[in-house]
Each structure stands twice: as structure tokens, then as C-alpha cells.
There are 2 protein chains.
Amino acid sequence: MPPIKVKMLDPAQQAGTGQSGPEGRAPARTRIQREKQDVILEAALDVFSREGFRGATIDQIAEAAGMSKPNLLYYFPRKEEIYNRLLTGMLDTWLQPLRELDDVGDPVAEIRSYIRRKLEMSRDFPRQSRLFANEMLQGAPRMLDLLETDLKALVDEKAKVLEGWMEAGKIRRTDPYHLIFAIWATTQHYADFDVQVRAVLGQGRGGEGRFEDAARFLEHLFMHGIFPHEG
Amino acid sequence: MPPIKVKMLDPAQQAGTGQSGPEGRAPARTRIQREKQDVILEAALDVFSREGFRGATIDQIAEAAGMSKPNLLYYFPRKEEIYNRLLTGMLDTWLQPLRELDDVGDPVAEIRSYIRRKLEMSRDFPRQSRLFANEMLQGAPRMLDLLETDLKALVDEKAKVLEGWMEAGKIRRTDPYHLIFAIWATTQHYADFDVQVRAVLGQGRGGEGRFEDAARFLEHLFMHGIFPHEG
DNA sequence: CAGATTTTTGACCAGTTGGAAAAAACGTTA
DNA sequence: TAACGTTTTTTCCAACTGGTCAAAAATCTG
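Each value, and the rule that gives it
- Residues numbered from 1 in each chain as written.
- Chains lettered and ligands numbered in written order.
- Predicted model: local features only at pLDDT ≥ 70, side-chain atom pairs only at ≥ 80, totals over all residues.
- Heavy atoms only, no water.
- Helix = DSSP H or I, 4+ residues; strand = E, 2+ residues; numbered from the N terminus.
- Buried < 20%, exposed > 50% of the residue type's maximum accessible area, 1.4 Å probe, protein only.
- Contact = heavy atoms within 4.5 Å.
- Areas by Shrake-Rupley, 256 points an atom, 1.4 Å probe, with all protein chains shown as cover.
- 1 Å grid on protein atoms, 1.4 Å probe; cavity = no way out; pocket = protein on both sides within 12 Å on 5 of 7 lines; lining within 4 Å.
- Points joined across faces, edges and corners; volume = space filled by probe spheres on them.
- Nonpolar A, V, L, I, M, F, W, Y, C, P; charged D, E, K, R; others polar.
- Salt bridge = Lys/Arg side-chain N within 4 Å of Asp/Glu carboxyl O.
- Domains from an automatic or database assignment.
- Buried area = accessible area lost by both parts, 1.4 Å probe.
- Core = buried A, V, L, I, M, F, W, Y, C linked by side-chain atoms within 4.5 Å.

Engineer: Describe the overall build of chain A, and please don't skip the residues or the numbers.
Structural biologist: Check the secondary structure of chain A and you find 10 helices and 0 strands. Mapped from its N terminus to its C terminus, chain A presents α and β elements in the order α-α-α-α-α-α-α-α-α-α. Going through the 231 residues of chain A one by one, you find that 52% of them count as buried. Restricting the contact set of chain A to residue pairs at least 6 apart, pairs at least 24 apart contribute 64%. Carbon together with sulfur atoms contributes 52% to the accessible area of chain A, which is approximately 11,000 Å² in total.

Engineer: Give a description of empty space enclosed by the protein that names residues and reports values.
Structural biologist: Tallied over the full model, the rule gives 5 cavities of 30 Å³ or more. A volume near 90 Å³ is recorded for the largest cavity. Around the largest cavity, the lining residues are W184(A), A185(A), Q188(A), H189(A), D192(A), F193(A), W184(B), A185(B), Q188(B), H189(B), D192(B) and F193(B). Elements that contribute at least two residues to the lining of the largest cavity include exactly α8 (176-192) of chain A together with α8 (176-192) of chain B. Taken together, L101(A), I111(A), Y114(A), L162(A), L179(A), I180(A) and I183(A) make up the lining of the second largest cavity. At the level of elements, α5 (107-124) and α8 of chain A are the ones that each hand at least two residues to the lining of the second largest cavity. The element contributing the most residues to the lining of the second largest cavity is α8(A), with 3 residues. Classifying every residue of the lining of the second largest cavity gives 7 nonpolar, no polar and no charged.

Engineer: Kindly report on the pattern of salt bridges, identifying the contributing residues and their values.
Structural biologist: Applying the stated criterion to the full structure yields 38 salt bridges over all chains. The shortest N-O distance in the salt bridge between E219(A) and R112(A) comes to 2.1 Å. Of this pair, E219(A) sits in helix α10 (residues 210-224) while R112(A) sits in helix α5, and the two are 107 residues apart along the sequence. The exposure class assigned to E219(A) is partly exposed, which follows from its relative accessible area of 33%. Residue class for R112(A) comes out partly exposed when judged on its relative accessible area of 34%. The partner of D156(B) in a salt bridge is K152(B), with the nearest N and O atoms 2.9 Å apart. Remark: K152(B) and D156(B) occur in helix α7 (residues 144-167); sequence separation between them is 4 residues, near one turn of the helix.

Engineer: Any details on the environment of A182(A)? Residues and values, ideally.
Structural biologist: Residue and element names in this part refer to chain A. Mapped onto the elements, A182 comes out in helix α8. In this structure A182 comes out as buried when scored by relative accessible area, which is 3%. Taking C-alpha positions, A182 is 16 Å from V108, a pair spaced 74 residues apart along the chain.

Engineer: Can you lay out the domain arrangement of chain A for me, pointing to particular residues and giving the numbers?
Structural biologist: Residues and elements named next belong to chain A. Once the domains are mapped, chain A shows domain 1 (11-83) and domain 2 (95-226). Placing a centre on the C-alpha atoms of domain 1 and another on those of domain 2 gives a separation of 30 Å. Tallying the contact residues gives 11 residues for domain 1 and 8 residues for domain 2. Both faces combined, the contact of domain 1 with domain 2 buries some 880 Å², and carbon together with sulfur accounts for 50% of it. Among the residues domain 1 hides against domain 2, the three largest losses belong to L45, S49 and Y83. Together they make up 61% of the total.

Engineer: Explain the nonpolar core to me, and be specific about the residues and the numbers.
Structural biologist: Judged by nonpolar contacts, the single largest core of 140 residues is most densely connected at F48(A), F222(A), F48(B) and F222(B). Discounting chain neighbours no more than four positions away, the residues touching F48(A) are F53(A), A56(A), I61(A), K79(A), I82(A), Y83(A), L86(A), L131(A) and N134(A).

So this is what it looks like as C-alpha cells:
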């Protein structure tokens, strides 16, 4: 008998939940498949970041992606797989700025550029920030272990770096964990609470310049605080 | 004919959307009605703050409130009315600390106590904070006008107070709006991202003491910033 | 072009959702 | 206890939900 031609499998399998084959499956076989999946993920980011997992519907995502629901399900057989792909794929890039916080660099420059990069991410990828925030608000049901392992390990490591700088008198002695939280909070605020920021700043100051203003202010805040006359 | 006895109306009407009677209707007629409504609102806060408006279901709320769905609908005929009641009722108390920021007080003490009170609210009313955050993430579809009018007005007013203090050299000259955003962001972070905070701090430091630590850190941050050697 | 494969579509389904209607149960008070 | 208003439950419904399936359409390959 002739050799059986093994053609492509159902693309739906590739994002498999782990029960349909060995590990390490390629993310997408053909260019077309990869493109369609990207379109779907892009549309899903839009919807999920607004509505959260439960609030988002496959129909919404399909419409935003310009395809029919069954067609979308051909590429991602479960709603949850789209969501998980977005979450995990995002967390990595999201934490990149923190990873780059460099032990050997100048503390002042390092922290300033960390704040700046985080703020830029809020400006350039607000939906990713909101997706993440949404997951947090729900108690991180699909991410908790990642937070407790990977994220905690990374923050522990960087907290040590900060502590080293404190020991060396390069930065003020304070709680490194809460310092990191403060940087996260102040920068991500401009993505997650963007509506509020714009509503409060109004027509004039709520325009594109608001990120510059925020950057200036945050630098000021983290450098000197807001009260003069050091104690 | 005998005088018609006008007894209580359908309690559902009291939260009316405005189309069933004159303005200024009493919020609840009897003690029982008020209690039931409170139970419902309490349960709804739980569910809405986790799942957002779309993600929450009446069934979930009804179960959390210990009653049947139709029974719940007897008190609040629409899902949206529960949500709106929570939102508007909350915003008021939520902004109370800012309202109390006093022109005539000592700037340092005023701002410190504002930060402390906001942090206490995150500790004591995290669900309210998350409900609000959820609405923001969705683009504040049911709150935008409130933000643009009431909230903006309040912040404008308090920004002027801060500017006055800056003119007087009481606090460092910086952007008052972004200062307020920074206080909001850093304090509410401990409610909205509570899971993350606890996951990162781990068993040891993620316990009840974390709010004390946060308070100490934030005071430090806003007072001095994190870099020594003032420029 | 023919055959095989991949992609898309339309019809469909069971479970859930917000909500309506009506009847039953309960509480007051004359 | 009867009458009346209030509260609760039962039953029901149409629209929406995530997802299936087979067939049709489009694409690729030789």
C-alpha cells in the first residue's frame, strides 16, 4: 500500500489543552492559520479586556474578528483557550520591563527608566493592562498559581536588587515590595482608569499630552515626594 | 362609597427608572423592605464586584441573598437598577475622604490623612473599590456623565486647594491632578489587586499587616520620594 | 483539471439568562 | 375570621449562550 500522506491536523488541536498529544506543539502550522489566529486574538483582546471572561461572548469576538462563530471555533475550540492564550502570552511581555531592571546599572537611572517604560506600556497597550486588571478583580482564578510562582519569584529577585541599592545608600531605605506595587499602581492607572483620567482632566488636558504630564509628575513624585524641607 | 385605603405600592416601583411617578420617591417604605433590599444590595455587591455587570447573573445574586430570583425581582425589577443603585450610592461615600481635604488645615497633615483614609477604605471596603474599578475598565458606560460633571468638579476644586498650598510653598510645586491620581492609584491598588499583592508578598508578609506596611511606605513615598540627596 | 485538504457556513442543540404572570402564602387589622 | 395588602413561590418564556455537526465552498497539490 502507498504511504499515507499525513497532512495538517485540525488547527483547533494546536492550542490543545494538553490532552491530545505530546507537549511543545507548534503554535500555528501555516501562515494563514497564524494570521487568522492573530485576528481572533486581537479581537478577543478587545472584548475580554472590556467585559472580562464571563462578560465576553464568542459572538462578540467573532463579530469583531469579522468571521462567523463556528469559524472562530474552528481555530479555538474553547472560549477559555483564547482567554488563556491572551493571559499567558501577555504576562510575559508585561513583566519584561521589570526583568530589565538591572543590578549593575545606576539605581536612579534604572528606576526612572523602569517607571517610564511601564508608563509607555500603559499608553501603548492599554487593553493588555485592562485584561490583566480584569483577571485580578475576579481574584485571578486562572492565574493565581502563576502569580504565586513566577511573578513572586521575579519580584523577590528584584526586591533584593532594590534592597542592595538601599544598603549601598543609593536609594532611600524603604519597603521594596510596596515600592514595586506603587510603580505598578501609578503607571497602570493610566491604562485601567483611562476613562476617569480623561473625564477629570477634561478636554484641554485630557489629550495626548496627559502621558507626558504623568511621566513628569511620577518622576517628581518618586524622586522627591511632594513635601519640601526634608526631615 | 367608603374612602379608598391607599396602602403601599409595589416596592419595585420605588427604585423606579423615573417613568412611574414624581421625583424624590422614598427609598424604602417599610423596615422589612429596607432590610431585604439591603440584603440584596449586599449580595449584589459581592457578585458585581467580582464579575462586572455583564458577567454577573441575577441567579447568582439571588442565591447569595438567600432568595429566589423572582423574589429578588420583586424588590428590584431590573438587574441594571441594582447595579446603578450600588454605583451611585457608593461613589458618594467613596469620594468623602477627598471632600474632607480641608483648605484651612495643615497641608502635610491633610494630605497624609487623606492617603491614610483612602487606604483604610481599600482595606475595609475592597468590594466597593472593585465594583468601581470594574466599571472603569468597561469604559464607565453607566457613569461617564457623573465622572465628567460631579467628579471633575470636585477634583477641580481640590486641585485648586493643592495649587494654593504649592503657591504658599507648603508642598512642592507639581501637577495637582496627577498627584490626586497617584493617591487614588496607590491606595486602591491594595483593594483592586489584592490577590496579586498577597500572592507576591507570600504567606509571611501577605497577612493583615500588609496594610500597615503599605501605609508606612506610602507616607514615606509621598513625603520624600525614594532618592536621597535632594537636588 | 482531479483529488485531497482546508476553511467556511448554516442548521441545530441543550443549558442559561433576564424577566413576566399568576397563583399561593403570609400578615394585619377591623 | 374575613378582607385586604404584601410577600413568596411556581411556572413559564423568548432570547442568548457556548458549542456541535455535516455539508458546502474554497484552496492547495500534483
